[in-house]
Amino acid sequence: MSTEKFDAIVVGAGPAGAAAAITMAQAGLSVVLLERGEYPGAKNVMGGVMYGRMVADVVPEFWKLDAPLERVVVEERVWITTEEGVVSLGYRNPRQAYHPDGCPNAFTVLRARWDRWFAARAEEAGAILVPQTVAEDVIWQDDRIVGVRTGREEGDLYADVVVIADGVNSFLAQRARLRDHPVAPHHLALAVKEVIGLPPEIIESRFNLEPGQGVTIELYGAVTDGMSGYGFLYTNRDSLSVGVGVLVSHLMRTRRTPYELLERLKQHPAVRPLLTGGEVLEYAAHAIPEGGYEAMPRLFGNGVLIAGDAAMMVNGLHREGSNLAMAAGRLAGETVIEAKRRGDFSARTLALYEAKLRESFVLQDLVKYRHLPELADRRPDLFRIYPHLVHDAVHEMLTVDGLPKRAKQRRIWQEITRRRRPLQLLRDLYEIWRAVR
Ligand SMILES: Cc1cc2nc3c(=O)[nH]c(=O)nc-3n(C[C@H](O)[C@H](O)[C@H](O)COP(=O)(O)OP(=O)(O)OC[C@H]3O[C@@H](n4cnc5c(N)ncnc54)[C@H](O)[C@@H]3O)c2cc1C
């Protein structure tokens, strides 16, 4: 490997790392993008809904290029499940699935294809992509990071700044002294996912879609069997991505396996017919960092920045992670560009990165939901109690049995207060409000 010194080394060619590399390479910086996989995306797992605005911020008008979009999301459904039933909420408007400039708001992807394409944009801009290369450690000189040690022969690489974007199990975050301890089990979700092949026409008729259009379904309640988390079902061009993720701390407590949960989800009476006749093409498991703002590492140091999952940048409530990763990667890139202009790569200048994140939706959203991870860990019962209450209330209102509606409302209230005393109800509502306000 080269002994030349680069402006920046980016570790990890996922959404965060590729966005950082594209941004810096476009500005003429010399950038190396290290990826441990055989190619970018080879081992990466996501639901996966990508968000167009954050892609367009680094690759303008990407939708006019050959980007591997599966389907543009025109409808989003939330299903509150009991063992047999579903209360469904949804939003559909195909015309509003695009921003005014034609950029798709959200679209599904398969990461093996998407990451390869996205990292190729970094190469096109001038970055050097080095796949099949693990960054094993950072190199310290006095009190600053000056490079990374790779697993290759003569594998030390030097740069003014290292951008750590190595994902959820970021080992480098600790080596770079940005995090003092490993991520705790209650700050991680474990998700399992299958990709199930189906002909496009069948997907379109089952989900009421035109060619190219897609649907997302998030499932709460019984599908997670009393644990905090949710299931998902997304349409790709000729496959469905179906999966479920719950907190690792809850899996440890209940001793359930994620595989059991996925089978339970696939057998749910509302899900099974959507999968009928499909062939399992892929099975994958991956962790999601769900600790939120309070569990984030330090974001910068002398000669180092950290972005994406490695920095706990996931907004679980809105199933957003890839967009936070891309935005943070871009802002890390812009910070390095400014540091180069000033000729100062110390923490004093790189602190600009955190300031940029605070001005953006990335930290503003994570701060807004800072109490949610603690609530999700402490109160998995909310995921069990309320779906049943909602389901029973809707069932009562929709059952036409000659009872006047006012009497039905009274019956619903009596049933709710039988299962949850008014004070408990108030406390639950207050806790939920405080976590999401
Ligand atoms: C099942 C599941 C469903 C999800 N669904 C969604 C969704 O629908 N929408 C959404 O926005 N987000 C979703 N997410 C979250 C999203 O996938 C992440 O937030 C996003 O991928 C973070 O990007 P990243 O670049 O930070 O990390 P990653 O995508 O994990 O990329 C890290 C990269 O670094 C490489 N790497 C790791 N260590 C090293 C090393 N030492 N040396 C070299 N390379 C290394 C890895 O191979 C990888 O390519 C989901 C996650 C999961 C697991």
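Refer to the structure printed above.
An account of the accompanying structure is given in this report. Owing to the predicted nature of the structure, the values given are computational and were not obtained by experimental measurement.

A short note on the nonpolar core
For step 1, the next point in the chain: The biggest cluster of nonpolar side chains holds 115 residues, and the ones touching the most others in it are Phe 62, Trp 114, Phe 118, Met 313 and Tyr 353.
For step 2, the next point in the chain: With nine residues, helix 9 (residues 322-342) is the largest single contributor of residues to this core.
For step 3, the next point in the chain: With residues near it in sequence (within four places) discarded, Phe 118 still touches Pro 15, Ala 18, Ala 19, Ile 22, Val 55, Val 58, Val 59 and Met 326.

Observations concerning the side chain of Ser 322
For step 1, the next point in the chain: Structurally, Ser 322 is set in helix 9.
For step 2, the next point in the chain: Ser 322 sits in the buried class, given a relative accessible area of 7%.

Some thoughts on unusual backbone geometry
For step 1, the next point in the chain: A cis amide bond links Gly 47 with the next residue in sequence, Gly 48, at an omega value of 15°.
For step 2, the next point in the chain: The residue Gly 48 is located in the loop between strand 2 (31-34) and strand 3 (49-51) in this model.
For step 3, the next point in the chain: Backbone geometry places Arg 255, a non-glycine residue, at a positive phi of 60°.
For step 4, the next point in the chain: On the secondary structure map, Arg 255 appears in the loop between helix 6 (248-254) and helix 7 (258-266).
For step 5, the next point in the chain: Residue class for Arg 255 comes out exposed when judged on its relative accessible area of 74%.
For step 6, the next point in the chain: Of note, the phi angle at Met 312 is positive, near 65°, even though the residue is not glycine.
For step 7, the next point in the chain: Tracing the chain through its elements places Met 312 in the loop between strand 17 (304-306) and helix 9.

Description of the pairing of strand 1 (residues 5-11)
For step 1, the next point in the chain: In terms of burial, strand 1 is a largely internal element, six of the seven residues being buried.
For step 2, the next point in the chain: The pairing of strand 1 with strand 10 (residues 156-164) spans six bridges and is parallel. Across the sheet, Ile 9 pairs through a bridge with Val 162, a residue of strand 10.
For step 3, the next point in the chain: Relative to strand 2, strand 1 runs parallel, the two being bridged by four bridges. Bridged to Ala 8 within strand 2 is Val 31.

As for the site of the ligand
For step 1, the next point in the chain: In the vicinity of the ligand there are 36 residues, among which Glu 35, Gly 47, Arg 111, Asp 309 and Ser 322 approach most closely.
For step 2, the next point in the chain: One nitrogen or oxygen atom from the main chain of Gly 47 is found 2.9 Å from a nitrogen atom belonging to the ligand.
For step 3, the next point in the chain: Within the backbone of Gly 321, a nitrogen or oxygen atom sits 3.0 Å from an oxygen atom of the ligand.
For step 4, the next point in the chain: Look at the ligand: alone it shows 1000 Å² of surface, and the protein chains cover 95% of it.
For step 5, the next point in the chain: Within the residue set of the shell around the ligand, elements represented by two or more residues are helix 1 (15-26), strand 3, strand 15 (279-289) and helix 9.
For step 6, the next point in the chain: Taken together, the residues of the shell around the ligand break down into 18 nonpolar, 11 polar and seven charged.

Considering the environment of Arg 406
For step 1, the next point in the chain: Inspection of the secondary structure puts Arg 406 in helix 15 (residues 405-419).
For step 2, the next point in the chain: Considered as a pair, Arg 406 and Gly 12 are 394 residues apart in the sequence and their alpha carbons are 59 Å apart.

Structural notes on the environment of Leu 129
For step 1, the next point in the chain: Mapped onto the elements of the fold, Leu 129 is located in strand 7 (residues 128-130).
For step 2, the next point in the chain: Sequence separation between Leu 129 and Val 271 is 142 residues; the distance between their C-alpha atoms is 41 Å.

What about the pairing of strand 4 (residues 72-81)?
For step 1, the next point in the chain: In terms of burial, strand 4 is a largely internal element, eight of the 10 residues being buried.
For step 2, the next point in the chain: As defined by bridge partners, strand 4 adjoins strand 12 (residues 213-221) across nine bridges and the pair is classed as parallel. Among the inter-strand pairings, Glu 76 is bridged to a residue of strand 12, identified as Thr 216.
For step 3, the next point in the chain: Between strand 4 and the antiparallel strand that follows it, strand 5 (residues 86-92), lie four residues.

Some thoughts on the pattern of salt bridges
Side-chain pairing between opposite charges can occur once the charged atoms of the two side chains come close.
For step 1, the next point in the chain: Going through the model one piece at a time under the given rule, you end up with 44 salt bridges.
For step 2, the next point in the chain: Between Lys 64 and Glu 61 there is a salt bridge, and its shortest N-O distance comes to 3.2 Å.
For step 3, the next point in the chain: Owing to a relative accessible area of 55%, Lys 64 belongs among the exposed residues under this scheme.
For step 4, the next point in the chain: For Asp 401, the salt bridge goes to Lys 408, with nearest N and O atoms at 3.2 Å.
For step 5, the next point in the chain: A relative accessible area of 0% places Lys 408 in the buried class.
For step 6, the next point in the chain: Through salt bridges with shared partners, a single network forms among Glu 374, Arg 378, Arg 379, Asp 381, Arg 420, Arg 427, Asp 428 and Glu 431.

Considering empty space enclosed by the protein
For step 1, the next point in the chain: Considering all chains together, one arrives at two cavities of 30 Å³ or more under this definition.
For step 2, the next point in the chain: For the largest cavity, the calculated volume is near 40 Å³.
For step 3, the next point in the chain: His 371, Glu 374, Leu 375, Arg 378, Glu 431, Arg 434 and Ala 435 together form the lining of the largest cavity.
For step 4, the next point in the chain: The space that makes up the second largest cavity amounts to roughly 30 Å³.
For step 5, the next point in the chain: If you trace the second largest cavity, you find it lined by Val 168, Arg 179, Val 183, Leu 188, Pro 289, Asp 309, Ala 310, Ala 311 and Met 312.

Some thoughts on the layout of surface pockets
For step 1, the next point in the chain: Of the pockets and cavities examined, the second largest pocket occupies roughly 400 Å³.
For step 2, the next point in the chain: If you go around the second largest pocket, you meet 21 residues; those closest to its centre are Tyr 51, Glu 76, Glu 218, His 318 and Arg 319.
For step 3, the next point in the chain: Taken together, the elements giving at least two residues each to the lining of the second largest pocket come down to helix 2 (52-56), strand 4, strand 5 and strand 12.
For step 4, the next point in the chain: Along the lines of polarity and charge, the residues of the lining of the second largest pocket split into eight nonpolar, seven polar and six charged.

Topic: helix 1
For step 1, the next point in the chain: Its 12 residues give helix 1 an end-to-end C-alpha distance of 16 Å, which sits within 8% of 16 Å, the value for a rise of 1.5 Å per residue.
For step 2, the next point in the chain: The buried count for helix 1 comes to 11 of 12 residues, which makes it a mostly enclosed element.
For step 3, the next point in the chain: Along helix 1, the residues classified as buried are Pro 15, Ala 16, Gly 17, Ala 18, Ala 19, Ala 20, Ala 21, Ile 22, Thr 23, Met 24 and Ala 25.
For step 4, the next point in the chain: Turning to helix 1, the residues buried within the fold contact strand 1, strand 2, strand 3, helix 3 (111-125), strand 10 and helix 9.
For step 5, the next point in the chain: Phi for Gly 28, located one or two positions after helix 1, is positive at around 90°.

What counts as what
- Residues numbered from 1 in each chain as written.
- Predicted model: local features only at pLDDT ≥ 70, side-chain atom pairs only at ≥ 80, totals over all residues.
- Heavy atoms only, no water.
- Core = buried A, V, L, I, M, F, W, Y, C linked by side-chain atoms within 4.5 Å.
- Buried < 20%, exposed > 50% of the residue type's maximum accessible area, 1.4 Å probe, protein only.
- Helix = DSSP H or I, 4+ residues; strand = E, 2+ residues; numbered from the N terminus.
- Contact = heavy atoms within 4.5 Å.
- Pairing = 2+ DSSP bridges.
- Near = heavy atom within 4 Å.
- Polar contact = N/O pair within 3.5 Å; in protein donor to acceptor, adjacent residues only side chain to side chain.
- Areas by Shrake-Rupley, 256 points an atom, 1.4 Å probe, with all protein chains shown as cover.
- Nonpolar A, V, L, I, M, F, W, Y, C, P; charged D, E, K, R; others polar.
- Salt bridge = Lys/Arg side-chain N within 4 Å of Asp/Glu carboxyl O.
- 1 Å grid on protein atoms, 1.4 Å probe; cavity = no way out; pocket = protein on both sides within 12 Å on 5 of 7 lines; lining within 4 Å.
- Points joined across faces, edges and corners; volume = space filled by probe spheres on them.
- Expected span 1.5 Å × (residues − 1).

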